[in-house]
Each structure stands twice: as C-alpha cells, then as structure tokens.
There are 2 protein chains.
Amino acid sequence: MNQSQQTIVIIGGVAGGASAAARARRHSEKARIIIIEKGAYVSFANCGLPYHIGGEITERDDLLLQTPQSLEKLLRLEVLTNTEAIAIHRNQKSLEIKNLQSNEISTIGYDRLILAPGASPLRPPLPGIDDPRIHTLRTLGDMDRIKSYLKPDLRVLIIGAGFIGLEMAEQLAHQKAKVTLVEMQKQVLPQLDPEMAQHISEALREQKIELILGDGIASFADHENTLRCTLASGVTHDADLVILSIGVRPENQLAKNADLTLGKRGHIVVNTYQQTNDPHIYAVGDVCESYDPILGGVAAIPLGGPANRQGRTAADHIFLEETALPYAGSIGTAIVRVFSTVAGISGHSEARLRQLEIPYQTITVNGASHASYYPGAETITLKLLWHAENGRILGAQAVGKDGVDKRLDIIATAIKGRLTIDDLAHLELSYAPPFGSAKDIINIGGFAAGNVRDGMLKPVPDLASAGSQIIDVRPTASAEKSPVPGAKNIPLPQLRDRLHEIDPSQPVFTICQMGKTSYFAARILALNGFDAYSIQAGAHHQLKQLQDQS
Amino acid sequence: MNQSQQTIVIIGGVAGGASAAARARRHSEKARIIIIEKGAYVSFANCGLPYHIGGEITERDDLLLQTPQSLEKLLRLEVLTNTEAIAIHRNQKSLEIKNLQSNEISTIGYDRLILAPGASPLRPPLPGIDDPRIHTLRTLGDMDRIKSYLKPDLRVLIIGAGFIGLEMAEQLAHQKAKVTLVEMQKQVLPQLDPEMAQHISEALREQKIELILGDGIASFADHENTLRCTLASGVTHDADLVILSIGVRPENQLAKNADLTLGKRGHIVVNTYQQTNDPHIYAVGDVCESYDPILGGVAAIPLGGPANRQGRTAADHIFLEETALPYAGSIGTAIVRVFSTVAGISGHSEARLRQLEIPYQTITVNGASHASYYPGAETITLKLLWHAENGRILGAQAVGKDGVDKRLDIIATAIKGRLTIDDLAHLELSYAPPFGSAKDIINIGGFAAGNVRDGMLKPVPDLASAGSQIIDVRPTASAEKSPVPGAKNIPLPQLRDRLHEIDPSQPVFTICQMGKTSYFAARILALNGFDAYSIQAGAHHQLKQLQDQS
C-alpha cells in the first residue's frame, strides 16, 4: 500500500479526532480522510460550553472552531455528521455506519481507523433519572437545552463538584441562578487534597452557593411541578434544573464489540503511538488509556490537551511509523477558576501517593503572585510533593487569585524534566515587579522542601496534628483579633528574649499568619535546643479549617 | 573554630547581601552577622524604583523591605549603614571600614566575608557628564532626585534602551513627561533578537515616545538653562533631565585591591559555592561572575533573582561546607513591560548563538494567550532556539500582552531540565479557557520546531530572505487591505484548485496573517511537488518590519 494514498477513517470529530485529521493531511495530500461524527457538529470548543451558558462567551458561533464545510475547504476532509459508527469489521477493515437522519446503513473501508469517540457523562440508573429536567453537559445541544432554562432565581442542583461541576456552579451563579452543589466526597474538587480544595469551598460559600459535602443523590421525583431530589442522607432538595457532573465513562462499546483490548476501567488499551491491539486501529482522547510518566502505571485523563496531542501522535504514526514522536503519557495537569479563586494540580496528590504507597514528603508555602511591594500582588498557596528518596517532584497543587496557572505549568515542565526540589530552588524565573519576585514562590517552595528534607524545618500540617504547646508568633494585635485556640502569643521579634517562657521538656509548635515566620521562629527555637515544629499554611487557613470541621 | 559562633561580615545590604544574612541566621543563632552598607538603606526593593517614580507604587515606604532596626529585631543582625568598606586585610582576616558621616575609620575582624556590593551604573567620561541634571538610577536617593524633577511636559532624554531604560521610559510617560530614548544599537532591548525587540519599539512609538536608534551620546552642555545633549551623529537634543541607563560595572575595587581573582570584564571569579580564590571570602550578586549552565562558559547576569539565590548559597556553604546546594548558574531570564506590551527572554538569543558558533535552529510562532474562543485572548509571539544536533532548547523569546511571563518561565524550567523541542510538544500544561489552550503556544512551538527539524516546514525569517514568487494565502479582503509587495493572493481554501497558477520551476514562499496558515499552504505545495517555504510570523509583522527598515 502506498501510505500517502490510504483511507483514514476517524470516528469522532472533536478534540482528538479533529487533531488527527488535520495532522494526517499535513502528511499527505492524497490520503482520503473521513470523519464520522455522531453529533451535528465537529471541532467545537467543548471546554467552552459552560462559559456560553454563563454568558462570558457571548457568541455561540465562537464555539464552532470548524464546520464540515471549512474542514472540506481547508483540509479536504470528508465529514459525515449525524452519522454513527455501529460496527467495526476488522477482518474486512471496514466500518458499518448509520445516517441518524435517514437511518440508512452503509459500509466504508479503511486502511487505518482512529477511534476518538470520547467519553459520555455518567447517568446512574436512579429512580426518576429520566426526568427531562436532569441534564449532563457534553454537546452543543446539551448546552442549548441548559441555557433555555435560564431565568433569575432558577434553582439548580449540581451533582458532582469536580471541574465541570465547579465551572457550571460559577457560570450559573453569574446568571443569577440559586445554585446548590452536592458532592459525595467530603470535599469539593476531589482531584486535590482536602486542605487545598477547601479554598474553593470558601470561594463558593462566599458567593452564596450552597455546598452539600459527603452526600450523594439517591432519587428524583416530580413534586408539584418542581423536581424533588432526594439525597442519600434523606435530605430533599427542590430544583428547576439538575446538572449531573459526576464523571464520565469511555465510549467503548464499538471497541468492545470489535474485541479491542480494554483496560480495567473500560478504556481502550493503546501503545505509545496510540495503536490498539489491532495495528490498523488507533484510539485517542477520553476513550483510551494512557500511562503515567511519573511513576509508571496506567493513567486515563479525560482532558482536552492530552486528546489533541494523542490525535497528532496517531496521525504521525500512520505516516512515519516508528520514527513518529510517541505520546509522552499524561500527568493530569488541570485547573479551574471559581469566581476569583483559581485552583489546580499537576502530577500526583498526597491522597494518590498514599494509595500507591510511594514514600513522599510534602510542604505547603504561601507567597505572592508577584513582588509584594508592587500593586495587585495576591497570595498563592503552593503544595509540593516529592519522592522521599531522591527529591524528585511528584506533584503540586496551587490555589490563589492570580498566577496559579503559571506555577502549575512550571511544575508540569519540572515533572517532564524529572527535576528535584533542589532544581526548583534554583529555577531562574522571569522577574520584574509586575510579573514575579526575586524569589518566586516556586523557589520558596524549593527552599522549604530542602529545609524539610535536611531537617531544618519540621512541619506539621495542621492544628489537629500539633501538640499542646503552641506559640503564636504574630504581632499581638493579629493574635488577639483571631486567636489560635490554646496558643500563647510571643511576637517573633520578642522570641529570643522570652525563651524562658517556653517549656523545653515539651515539643513546641509555632504558628504565624502565612506559615513563613513560624518557620523563622521554629529555627530560633531549634537552635536554642527546643524540639520545635512549624505549623503549615498560617493561622488564617488553619482557623478556617477548624471552623469547617466543627 | 566552632562554625556556629563565627563572625560573618557582609558588604552590601540589598538583594544578595540581605539574603546571605537571613539564611546565615537560620543556620546559627550564635554567629555574629554584620552588614556593612555604604548607603543609607538596606534591603530595599531596587527593582521597584522606576515604579515609584512613575506613581504605580504610591508609598515610598513600600520599597523598604527591611530597616536596620527590623533586621536587628528579627535576625539579630548588626547593620552599619552609611559605612564604607575601604580595605580587606586578608592575612589578618579583617576589614577596614569608614563611617561616612563621622569619617571615623575602624577595623573589624571576620571569619567569613561576603562581598555583595553590587554594580554601579556606567557614567562615561564625556564632556559635560557632571551636569547635575544627568542621573542614573540605583539607590533610593537617585529615585528621590529623579522624582523631584517631575512636572507635565518634562523633557527627558533616556540613554540606553535596555530593561531599566525601557521601564523608566514607560514610567516617566505615565507622569506625562516627553520622553526620548536613545540607543546605540539599531534596536531597543539588545538582549533580544531585533525582530522580537521590534514589538517593543512599536509599543513605544504608539505612546509617542521618540526613539533614536543606532546613535549614542557624545557630550552635554548647558544651553540657555536647558541641557543640550549632542549625539554621536551630531544631532542635538534639549532636555530637562537625562537618565543614563547604558549598563553597569561590578563594584570590584575592594576585591581588586585585595588581590581577589577577577574575570575578563572585572567580575569577581567564584566557584559554585560563591567562594572566591580566598576560601574565607565569598562574592554574590552583580559583582561576581557565574557560569552558563546551558553551554558552559562564563555568565555575568546583573539581576535580582540570581543575586538573592547566590546569597543563600554562600550562607549555606559557610555552615554546611560541601553538603551545601551549589549555585546552579545563570541563564539570564528577564522580562520587561512597556505599556501593554511585554517582552522577555530566557537562555540564549540568536545573536549570541551565532557569536558562540553553536549550530542551532529557530522558529517563531504566534498563538493565543488562552483559548481563542474565550474573551480576552491576546496574541503571543514565541521564538524558540534549539541545538541543531539534539533538539535541546537553548533559549526562547516571547512578546505579547498577556501570559508572556508564564511562557518564559516554562522555557526557563525546560532549560533547567535540558528538555528538547519534542518535550515541549508534549508538555501537559494547565488548560481551562481562561488560562490556556488545549494546544498551548508552547506545544505549538514544539510542533513547529519538530516540523522544521523533520523538513516538514521550511521557514524563512522575513520577506527580505524570500524569493520573488510569494503567495499570500490570506482572504482577499485582508490581502487587499495590507498588500504584501510582489505577492500573488491565493486564499488558502482555493490553493489546491489554483496550483497551475504557480511556477513549479521556482521556489515558492507563502505568507499569511499570523504565520500559521502559510505553513498549511506550504505543506500543500510541498506535497504537490513544489519547493515551498513559509514566511515566519505573519504579514502584519513582516510589513511593519519593512516599514521600519525603509
């Protein structure tokens, strides 16, 4: 077969499928490239759907990155929308497809097949689940339907506080809806560790979004023309609209029927060129498994970035074979904005490392988004996780109002380079007062991590983990304004002169406003012979956390 | 000697010196730590000085990060301000100092000496250079003096269009001064390659800042109560105030007199622990040389980030000896904002690589600061440079209105990890519509770089380098609005049907608006047998450049 003239059929015309098609055309003008798309649209901005509902993206057309016509003109693609692939005949290298408008069934042959059908939102078989007021958000049609409900004081119940649930909560609040968010975990954003996700809970509550944690949905029923939702706890909640955002499952039926190998959670298994166990068939995007380049093992990350780049990889492999650039695995970098608060992660969380039984250390630091003396600096909280044996960065989480994306991207790049905490300490990042600091929070995180490893800093994560002798080293006015229960206030500048007030036979735990001067204080104490520990993240955060737990 | 009780004397109490002192105190409560500072202030935000002149940092006190009193209280430092170190007696391990207020001379002994005197602005011995209206900006006193001139329509001549010259131009324009900027090079921001720096020239001109390139200052004289400045070209320019920002020289006199080894350009030579040839004496910050971790060789980067981290390194080495974390070298990451345009660099420029005779390749791409369908996306121009033999990133430059700092920091981290263009292609960066794109411009840069290496993209840098057969693939309306001289317009969607209009015996050069569809067009042509090249960076940029050169 002349590779340049082959027929490439792609199932799914959004992120991964569209990328594969475009890249394939760069390799060959003679290949026949066919996209089979079940929906009415191809190459739309699925990550933008919440923002059109919320009114930030005002023009619906802005979400249509390409149309079948533009793809024909620019890339000579044959795009069949409203067409479903119903069976793969691997022996014949053919695909049975069905026109969903005419119900006509036909067969097309392929030399290479790329599966990019994505994943569909979970819809658990609960009583009342078929009520038309219960929606998921995946397509432009879903978006249009949800948008048609908008009116002031619309009562919306969002089930699932992951990335999409949070984006929808924010956007529906922009549209003056009364939003309640239910999450089965005891925290929002379960991808992050609980103390980091807590910042997002605060942001939601500040905006009057009701948060129900540690509870799930049990059933739905109509009650006097509103939708009554009953939670697992028995609590009921009336809504005009329900958004289900509890996760997705890979669209694997076609692959399964064709005996392609699936992973434990139903994703199609592929090699680093995105090839399935049938070398003529590739899979890309949310439908497939990838691998974890940090610790090895399987990763399935349903996000747009990986999907797009996997599509490119598949196309490259079709034309370049083993000289193609393999897909590099997925580390799960993700970010969400909830009103003015931004939170995200790259790599593994503490919860995940514990589950994997990887020996790790962690530190959380607060720092400014740019030079603190220049207007507009905002606090960023950065949590670093590294391998206890070699200092290699395994993951990080960040929360703040500005510059969170930058720090996550630095960490994502550091993970790619297999950098250590010592490397972070000496990263030479861009610094001018509007953009950074002479010591960026990334450097500070590296410094603090090195101090933990070297025993110069003994951190405790929270007040609950601290012993009874707590020294609050904030200025007296701050300590009196928001007292730390059980703490004795010795402002840092007085500490050296008041060491005699501290019991050297007991461990001592220092706390301050931001988690920085408590370290300074703990160093003074340690060098004076005390068994001293610094409480992480500062009094503001710790007191909020106490409040949340009570 | 008991290390923990030694006397550490530090000359210079700003960035590097202050960092060294603070870090030393974390290692020992018993050490005596003395800072000798020639000026009246310690630990001030020298990078913030322009922004107080410009009124963005309204409170002068915000620039005083610490005072001698706060350093005494927090760190038990002995701070001698207005005190000059006048001689180092290495044999006695003592320092002669002079109180600049009382003129009293005294001697103090040291166990370890850290030199952090910084660098002083160059003041060439030109006729009239001592006129009191000619200022440099290094200290708070300089800042106060410059600020005292402010009035509407103040005529300011800034000599030198590097980072400080540009910041001063912007800030003085904020204060309604009439600013003229003179630069000896034929471009502003000589750290960047000319076509990238051109974006900053445009931003300056848009704000009515007069730009005189390729000319230097020759002399100054008073002329009817204004300062008449005569340039090398003979042009004269009248000003009320002159700012000299043509570079700095290391404050090396003390080191020189003490026979410490100096480098070619007068910087103190140190090892990776910042130790000079006298193991009891360290040097940090602008006064010392560092090394280039990218290509080896010497680097002397007078910036705040390196200074602070070198100070820390010196303090660590004093207490930890060879177990200290060595300084990692300087790659020269730098950024500047000029009105709404931001430009910066990390690693080596093309000019520098040419000088070093390193085989490299380069590509320039345009992309959006975040998802183009989400409001507020701005174009970023990213230039990547990589080693021609192994694809390793050697440097990058970026210009744009938003997100430039993030991309530079990703590159700085990539350089630290010795990443290649292929690694950039698969970086998994944070993506949600307000923050990034499914394919970030960093990924796109990696893709394009790979295409160049693999021969799929043959770029030419500008119109001047293109041959005579140029195809403008923009829509006809755009091509007619801003025509490319000598180009034939064939909109991309029509290209495949109009191949017969192109002469296959001649190379063909494609151009478009942003430098992206010209690549698509060149691929179509190449796959149809043409010798096709894509002109970089787009018609807007190329036409501006033509205009500039004419």
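A quick note: this is a predicted structure, and the numbers were derived from the prediction, not measured.

(A) Local environment of the overall build of chain A. When you go through chain A residue by residue, the secondary structure sums to 15 helices and 30 strands. Judged by the C-alpha coordinates and their principal axes, chain A covers about 90 × 65 × 40 Å. The buried share of chain A, taken over its 550 residues, is 54%. Partitioning the intrachain contacts of chain A with sequence separation of at least 6 by distance along the chain shows that 63% fall at a separation of at least 24.

(B) Seen up close, the nonpolar core. With 344 residues, the main nonpolar core has Ile 10, Leu 115 and Ile 393 of chain A together with Ile 10, Leu 115 and Ile 393 of chain B as its most contacted residues. Sequence-distant contacts of Ile 393 of chain A, that is, excluding residues within four places in its chain, are made with Gly 347, Leu 384, Trp 386, Ile 411, Ala 414, Ile 415, Leu 419, Thr 420, Ile 421 and Leu 424 of chain A.

(C) Here's a closer look at the domain arrangement of chain A. One can read the domain layout of chain A as domain 1 (3–119 + 249–323), domain 2 (134–246), domain 3 (340–453) and domain 4 (459–549). Using only C-alpha atoms to locate each centre, domain 1 of chain A and domain 3 of chain A end up separated by 35 Å.

(D) Geometry of the environment of Thr 180 of chain A. All names here are of chain A. Along the chain, Thr 180 turns up in strand β11 (residues 178–183). Note: C-alpha distance between Thr 180 and Arg 496 (316 residues apart in sequence) is 50 Å. With near-sequence residues (within four places) excluded, Thr 180 lies in contact with Leu 157, Glu 210, Ile 212 and His 237.

(E) Fine view of the interface of chain B and chain A. The partner chain A presents 73 residues to the 73 residues of chain B that form the contact. For the side of chain B that touches chain A, the secondary-structure elements that each account for two or more residues are α1 (15–27), α3 (68–75), α8 (304–320), β21 (334–338), α10 (404–416), α11 (421–425), α12 (441–453) and α14 (517–527) of chain B. Of the residues forming the side of chain B that touches chain A, the biggest block, nine residues, is contributed by α10 of chain B. Of the residues belonging to the side of chain B that touches chain A, the class tally is 39 nonpolar, 16 polar and 18 charged.

(F) View of α12 of chain B. Taking 1.5 Å per residue, 13 residues should reach 18 Å; α12 of chain B reaches 18 Å between its end C-alpha atoms and fits that length. With twelve of its 13 residues buried, α12 of chain B lies for the most part within the structure. Every buried residue of α12 of chain B is accounted for by Ile 441, Ile 442, Asn 443, Ile 444, Gly 445, Gly 446, Phe 447, Ala 448, Ala 449, Gly 450, Asn 451 and Val 452 of chain B. Those residues of α12 of chain B that are buried are in contact with α8 (304–320) of chain A together with β23 (360–368), β24 (379–387), α10, α11 and β26 (459–460) of chain B. Just beyond α12 of chain B, the residue with positive phi is Gly 455 of chain B, at close to 80°.

(G) Representation of the confidence of the model for chain A. Mean pLDDT over chain A stands at 96; residues scoring 70 or higher make up 99%. Reported confidences for the modelled complex are a pTM of 0.97 and an ipTM of 0.97.

(H) Molecular detail of the relation of the copies chain B and chain A. Taken as rigid bodies, chain B and chain A are interconverted by a rotation of 180° and an axial shift of 0.0 Å, the fit giving an RMSD of 0.0 Å. Classification of the inter-copy transformation places it as that of a two-fold axis. Taking C-alpha positions as reference, the residue of chain B nearest the rotation axis is Gly 417 of chain B, located at 2.2 Å. Of the interface residues in chain B, 99% have counterparts in chain A that sit at the interface too, so the contact is made through matching surfaces.

(I) Up close: unusual backbone geometry. Residue and element names in this part refer to chain A. At Asn 225, a position not held by glycine, the phi torsion is positive, near 70°. With respect to the helices and strands, Asn 225 occurs in the loop between β13 (217–223) and β14 (226–231). The exposure class assigned to Asn 225 is exposed, which follows from the 7 C-beta atoms found within 10 Å. You will see that Glu 357, though not glycine, has its phi angle at about 55°, which is positive. As for its position among the elements, Glu 357 is in the loop between α9 (350–356) and β23 (360–368).

(J) Quick look at the packing of α1 of chain B against α8 of chain B. Residues and elements named next belong to chain B. Taken N-terminus to C-terminus, the directions of α1 and α8 make an angle of 35°; their axes are 7 Å apart at the nearest point. The handedness of the crossing between α1 and α8 is right-handed. For the pair α1 and α8, contact is made by Ala 15, Gly 16, Gly 17, Ser 19, Ala 20, Arg 23, Ala 24 and His 27 and by Gly 304, Ala 307, Asn 308, Gln 310, Gly 311, Arg 312, Ala 314, Ala 315, Asp 316, Ile 318 and Phe 319, respectively. Of the residues belonging to the contact of α1 with α8, the class tally is eight nonpolar, eight polar and three charged.

(K) Structural detail: the sheet that holds strand β24 (residues 379–387) of chain A. Residues and elements named next belong to chain A. Spatially, the five strands line up as an open sheet ordered β21-β22-β25-β24-β23, and their pairing is antiparallel. Since the sheet does not close on itself, it has two edges, and those belong to β21 (334–338) and β23, each with one partner. On average, each strand axis in the sheet is tilted by 10° relative to the strand beside it, whichever way the strands run. The pairing of strand β22 (residues 341–347) with strand β25 (residues 393–400) spans six bridges and is antiparallel. Directly across from Val 342, in β25, lies its bridge partner Gly 400. Where helix α10 (residues 404–416) meets the sheet, its contacts fall on β21, β22, β24 and β25, and the angle it forms with β22 comes to roughly 0°. Packed on one face of the sheet, helix α12 (residues 441–453) meets β23 and β24 and runs near 140° to β23.

(L) Representation of the sheet that holds strand β30 (residues 532–535) of chain A within the structure. Residue and element names in this part refer to chain A. Strand order across the open sheet formed by five strands is β26-β30-β29-β27-β28, with parallel pairing between neighbours. The sheet is open, and its two edges are formed by β26 (459–460) and β28 (487–489), each paired on a single side. As defined by bridge partners, β26 adjoins β30 across two bridges and the pair is classed as parallel. Across the sheet, residue Val 460 finds its bridge partner in β30, namely Ile 535. Strand contacts of helix α14 (residues 517–527): β27 (470–472), β29 (508–511) and β30, with the helix running at about 175° to β30, the strand carrying the most contacts.

(M) Representation of the pairing of strand β14 (residues 226–231) of chain B within the structure. All names here are of chain B. Across six bridges, strand β13 (residues 217–223) lies against β14 in antiparallel orientation. Opposite Ala 221, over in β14, you have Arg 228 as the bridge partner. From the end of β13 to the start of β14, which pair antiparallel, there are two residues, and Glu 224 there has a positive phi angle of about 50°. Judged from the four bridges that link them, β14 and strand β15 (residues 236–239) form a sheet pairing that is antiparallel. If you follow Leu 227 over to β15, its bridge partner there is Ala 239.

(N) Up close: the environment of Glu 37 of chain B. Residues and elements named next belong to chain B. Relative to the helices and strands, Glu 37 is located in the loop between β2 (32–36) and α2 (49–53). Accessibility expressed as a C-beta count within 10 Å gives 25 for Glu 37, which makes it buried. Glu 37 sits 24 residues away from Gly 13 along the chain, and the two C-alpha atoms are 5.5 Å apart. Apart from the residues lying within four places of it in its own chain, the contact partners of Glu 37 are Gly 12, Gly 13, Val 42, Val 79, Leu 80, Thr 81 and Thr 83.

Conventions used here
- Residues numbered from 1 in each chain as written.
- Chains lettered and ligands numbered in written order.
- Predicted model: local features only at pLDDT ≥ 70, side-chain atom pairs only at ≥ 80, totals over all residues.
- Helix = DSSP H or I, 4+ residues; strand = E, 2+ residues; numbered from the N terminus.
- Buried ≥ 20, exposed ≤ 12 C-beta atoms within 10 Å, placed from the backbone.
- Contact = placed C-beta atoms within 7 Å.
- Core = buried A, V, L, I, M, F, W, Y, C linked by C-beta atoms within 7 Å.
- Domains from an automatic or database assignment.
- Nonpolar A, V, L, I, M, F, W, Y, C, P; charged D, E, K, R; others polar.
- Expected span 1.5 Å × (residues − 1).
- pLDDT = per-residue confidence, 0-100.
- Least-squares fit on C-alpha atoms with pLDDT ≥ 70 in both.
- Axes fitted to C-alpha atoms, helices over the stretch in contact; angles between N-to-C directions.
- Left-handed = near helix turned anticlockwise from the far one by under 90°.
- Pairing = 2+ DSSP bridges.

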